Amino acid sequence: CSPLLIFILCSETVICYSDGKVEVACGDMTPQHGHEPITKNPPFNITTDKSQFSPGDKIKVTLSMASSSEGKHYFKGFLIEARNAGNLNEIVGSFKLIDPEISQLLTCDSKEGSAVSHTGKSHKTEVQVIWVAPSDSPSSVQFLVTVAQGYKEYWVKSPGPVVSQNGVAPPPQTTFVCDPFSCGSMKSCLRDPEGCDPQNDTACHFLSFRALGSSVMFELSGPAEGYVSFALSQDKWMGKDDVYLCIRDTDRVEIKAAYVSGRTHPVYSSQNILKDTAWRLSDGVIQCSFRRDIILPPENLNRFSLDQIYYLFMAHGRAEDGRTHRHDRQPLISTYQTKITGPPEDLIGSRSPLLMKYHGAFMLIAWTSTVSAGVIMARYFKPNWPERNILGQKVWFQLHRMLMALTVLLTLVGFVLPFMYRGGWSKRAGIHPYLGCVVMALAVIQPVMALFRPAPDASRRYIFNWMHFGTGTAAQVVAVVTIFLGIHQQALSLPAPWSTGVLAAIVVWFVLADLVLEVHQRGFLPIVLAIYLCGNLGFLTVLLWTISAV
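One numbering rule holds for all chains: residues counted from 1, following each sequence as written. Under the rules for a predicted model, residues below a pLDDT of 70 receive no local features and side-chain atom pairs below 80 are neither given nor counted, while totals for whole chains, interfaces and linings still include all residues. Hydrogens are left out, water is left out, and the side-chain values use all remaining heavy atoms of the structure.

Topic: the overall build of the protein
Only runs of H or I of at least four residues qualify as helices and only runs of E of at least two qualify as strands under DSSP, and these elements are numbered from the N terminus. When its secondary structure is counted, the protein shows seven helices and 30 strands. The atom set for the radius of gyration is the C-alpha atoms, and the globule formula is 2.2 Å times the number of residues raised to the power 0.38. Computed over the C-alpha atoms, the radius of gyration of the protein is 31 Å, more than 25% above the 24 Å expected from 2.2 N^0.38 for a compact globule of 550 residues. On the principal axes, the C-alpha backbone points of the protein span a range of 100 × 80 × 45 Å. Split into buried and exposed, the 550 residues of the protein put 48% on the buried side. Contacts are residue-level and defined by heavy atoms, with any inter-residue pair within 4.5 Å sufficient. For the protein, the proportion of contacts with a sequence separation of at least 24, taken over those separated by at least 6, is 62%. As displayed, the protein offers around 27100 Å² of accessible surface, 60% of which is attributable to carbon and sulfur atoms. Placing the 47 positive and 44 negative side-chain charges of the protein at their respective mean positions leaves the two points 10 Å apart. Partly exposed describes any residue whose relative accessible area lies between the buried limit of under 20% and the exposed limit of over 50%, with all areas from a 1.4 Å probe on protein chains only and scaled to the type maximum. Only the protein chains shown count as cover for residues, with accessible areas throughout obtained via the Shrake-Rupley method and a probe of 1.4 Å. Counting rule for charge: Lys and Arg are taken as positive, Asp and Glu as negative, and neither His nor the chain ends is counted. Where a charge lies is defined by one atom per residue type, namely NZ (Lys), CZ (Arg), CG (Asp) and CD (Glu).

A look at the layout of surface pockets
A cavity here means a set of points on a 1 Å grid, drawn over the protein atoms and nothing else, where a 1.4 Å probe fits but cannot get out; a pocket is an open set with protein on both sides within 12 Å along at least five of seven lines, and a residue lines either one if it has an atom within 4 Å of a point. Grid points are joined across faces, edges and corners, and a volume is the space filled by probe spheres set on the points. Roughly 1200 Å³ of internal volume is contained in the largest pocket. As for the largest pocket, its lining consists of 36 residues, and the residues nearest its centre are Ala378, His400, Gln446, Phe464 and His468. Under the scheme applied, nonpolar residues are Ala, Val, Leu, Ile, Met, Phe, Trp, Tyr, Cys and Pro; charged residues are Asp, Glu, Lys and Arg; polar residues are all the others, including Gly. Split into classes, the residues belonging to the lining of the largest pocket amount to 20 nonpolar, 10 polar and six charged.

Side note on the state of the cysteines
Put simply, a disulfide is two cysteine sulfurs that come within 2.5 Å. Under the defined criterion, the tally for this structure stands at four disulfides. The disulfide partner of Cys183 is Cys189, and the gap between their sulfur atoms is 2.0 Å. Across the S-S bond linking Cys183 and Cys189, the dihedral sits near -85 degrees, which makes this disulfide left-handed. For Cys183, a relative accessible area of 11% translates into the label buried. Its relative accessible area of 0% is what places Cys189 among the buried residues. Between the sulfur atoms of Cys196 and its disulfide mate Cys204 the distance is 2.0 Å. The chirality of the disulfide connecting Cys196 with Cys204 is right-handed, given an S-S dihedral of about 60 degrees.

Considerations on the nonpolar core
Side-chain atoms within 4.5 Å are what join buried Ala, Val, Leu, Ile, Met, Phe, Trp, Tyr and Cys residues into a set we call a nonpolar core. Core analysis: the largest hydrophobic core is formed by 32 residues, its most contacted members being Phe230 and Ile340. Those residues in contact with Ile340 that lie beyond four places of it in its chain are Phe209, Val216, Phe218, Leu232, Leu306, Gln308, Tyr310 and Leu312.

So, the packing of helix α2 (residues 354-380) against helix α5 (residues 461-486)
Here an angle of 0 to 180 degrees is reported between the N-to-C directions of two axes, which are lines fitted to C-alpha atoms, with helices fitted over the stretch in contact. Interhelical geometry of α2 versus α5 gives an angle of 150 degrees and a closest axis separation of 10 Å. When the axis of α2 is compared with that of α5, the two are roughly antiparallel. Both α2 and α5 take part in a crossing whose hand is left-handed. Together, Met363, Leu364, Trp367, Thr368, Val371, Ser372, Val375 and Arg379 of α2 and Phe469, Ala475, Gln476, Ala479, Val480 and Ile483 of α5 make up the contact between the two elements. A per-class count over the contact of α2 with α5 returns 10 nonpolar, three polar and one charged. Angles below 35 degrees are treated as roughly parallel, those above 145 as roughly antiparallel, those between 65 and 115 as roughly perpendicular, and all remaining angles as oblique. Put simply, a crossing is left-handed when the front helix is turned counterclockwise from the back one by less than a right angle, and right-handed when it is turned clockwise.

Some remarks on empty space enclosed by the protein
The full count for this structure, using the stated rule, is two cavities of 30 Å³ or more. Its boundaries defined by the atoms lining it, the largest cavity holds a volume of some 100 Å³. Taken as a whole, the second largest cavity holds about 50 Å³ of empty space. Lining the second largest cavity are His205, Leu220, Ser221, Val228, Ser229, Met314, Ala315, His316 and Arg351. Contributing elements (two or more residues each) for the lining of the second largest cavity: β14 (215-223), β15 (227-233) and β21 (309-320). The element that contributes the greatest number of residues to the lining of the second largest cavity is β21, accounting for three residues. Tallied by class, residues from the lining of the second largest cavity come to four nonpolar, four polar and one charged.

Re the sheet that holds strand β9 (residues 126-132)
Paired strands, in this sense, are two strands between which DSSP finds at least two bridges. The strand order β1-β3-β9-β6 describes an open sheet built from four strands, whose pairing is antiparallel. Edge positions in the sheet fall to β1 (44-48) and β6 (94-97), since each of these pairs with one other strand and no more. This sheet shows a mean twist of 25 degrees between the axes of neighbouring strands, independent of strand direction.

A look at the sheet that holds strand β25 (residues 346-347)
Taking strand neighbours across the sheet as the criterion, the six strands line up as β19-β20-β14-β13-β12-β25 in an open arrangement whose pairing is mixed. What marks the edges here is a single partner per strand, and that holds for β19 (274-282) and β25. The pairing of strand β13 (residues 205-212) with β14 spans seven bridges and is antiparallel. Within β14, the position partnered with Leu207 by the bridge is Leu220.

Examining the side chain of Ser352
Mapped onto the elements, Ser352 comes out in the loop between β26 (349-350) and α2. Judged by its relative accessible area of 6%, Ser352 is buried. Discounting chain neighbours no more than four positions away, the residues touching Ser352 are Lys357, Ala491, Leu492 and Val550.

Description of the UniProt feature "transmembrane region" (unreviewed entry) in the protein
UniProt positions are given in the numbering used here, feature names are shortened, and annotations may be inferred rather than shown by experiment. According to UniProt, the "transmembrane region" (unreviewed entry) feature falls on residues 360-381, 402-421, 433-452, 464-486, 498-517 and 524-547. Between the C-alpha atoms that bound residues 402-421 there is a distance of 29 Å. The span itself is 100% helix and 0% strand. Along residues 433-452 the backbone is 95% helical and 0% strand, and the end-to-end C-alpha distance reaches 29 Å.

Structural notes on the packing of α2 against helix α3 (residues 395-422)
For the pair α2 and α3, interaxial distance at closest approach is 8 Å and the crossing angle is 160 degrees. Comparing their axes, α3 and α2 come out roughly antiparallel. Where α2 crosses over α3, the two elements pack in a sense that is left-handed. The residue inventory of the contact of α2 with α3, partitioned by class, reads 25 nonpolar, seven polar and no charged.

As structure tokens, this is what we get:
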């Protein structure tokens, strides 16, 4: 009975969508078929009889099978929409039908007649409809289409032509697609996340380049509010770099070459050195492509020759009135230098500099592992190992001193690394560096204070004990707060929110171990310590692995 029920439900779903009532798909234009759409070049064309219009004008839109298409020479289902070319989430205008037998109007985004779909699953080779431009039409409008040849064979949101209002220059939109499948074979690519597909993943940042005779073709794609960019650099430091930006300006994209002398705004080139420029805006993603000669005349100052090796930087951020703001995230930097005109490579990179990775790792080890083990050793093993000695000192004291000395050493090295990376003080890290200085000061005060501690039987020993306890506890608390703030700094941005959860688990794990030891101080110490260390090292390993992966 159950298989029959499932078959009936599945059949009902197919029949439901075969009648074209697909308002549920108005937003993302994706059929609810439960299969992945086809991403290869579609076998159909969508055309318009006009490229310019005025409010109230009527434009004939034609969807037809390409004469050179292979395989099936028909389609069954379709969905046609018109959207703002500058904001493809906004549906624009309304449609009128030419052939009501094979097409019907839909109400999308509460706008009657704002989309057209099929009426049945008959084979079709061509559909024509009329689009009516509204009075409040944007300057440019793009037609999008989803076409289904079968339940498992469909293309989603294929871009069609762009039409513009009279007097507005048609935007150089293009149907080019950043093809990730030829990376490493026909062209070099740098991607974030590694191996992502810009055709299907709107979160994919993508750069490709390949030599074409005496020039190089570049493709750049990524989600951004204002701009996407890449730079050629002779080192892994920002400054003295050859930069190329694709800057969104309302419903257009400007493609510019620039130069940055340091951590400053780019200086745009006055020379027109970019050829065959094209761009596209879709679902918050900026895509652009251009070609540049490998060798440029001497008057093109600050332009690098493309027959040399460079590090590649990729960055994105906001822009207002054509002026770019500081990038939203740390730039993605290629792991090693590559020759732009060299053999194709599938490159890898990182958004976190190596020095900052070591900074994070050292601080995590020091203040979530070694210091906690040292605290447990002094607090609970001192009264339970009163007579055990090693090298003339109590065992608990030797272990405590060793762990705390290691904590101070790791903190000192970790403290210096950001200054080496930044070349000074960071002005954009908020309160994190200030708290870091407090932790460093407290970490140094502890061993200095210990050098002047009075004898165990001295009358004022209790003063040292309380100061030692208070300073150590304050350092541990401030350090944990500082680490919580640090794991999401731009130079070391660990994945949220789960990295915060793992760090919180380390803190909770220490508190639980402390409570258990406080209640059961005898008999269970070695077992509790072993369990605590295993859990602590497990959580710490996860965070260290995450740091290495960013």
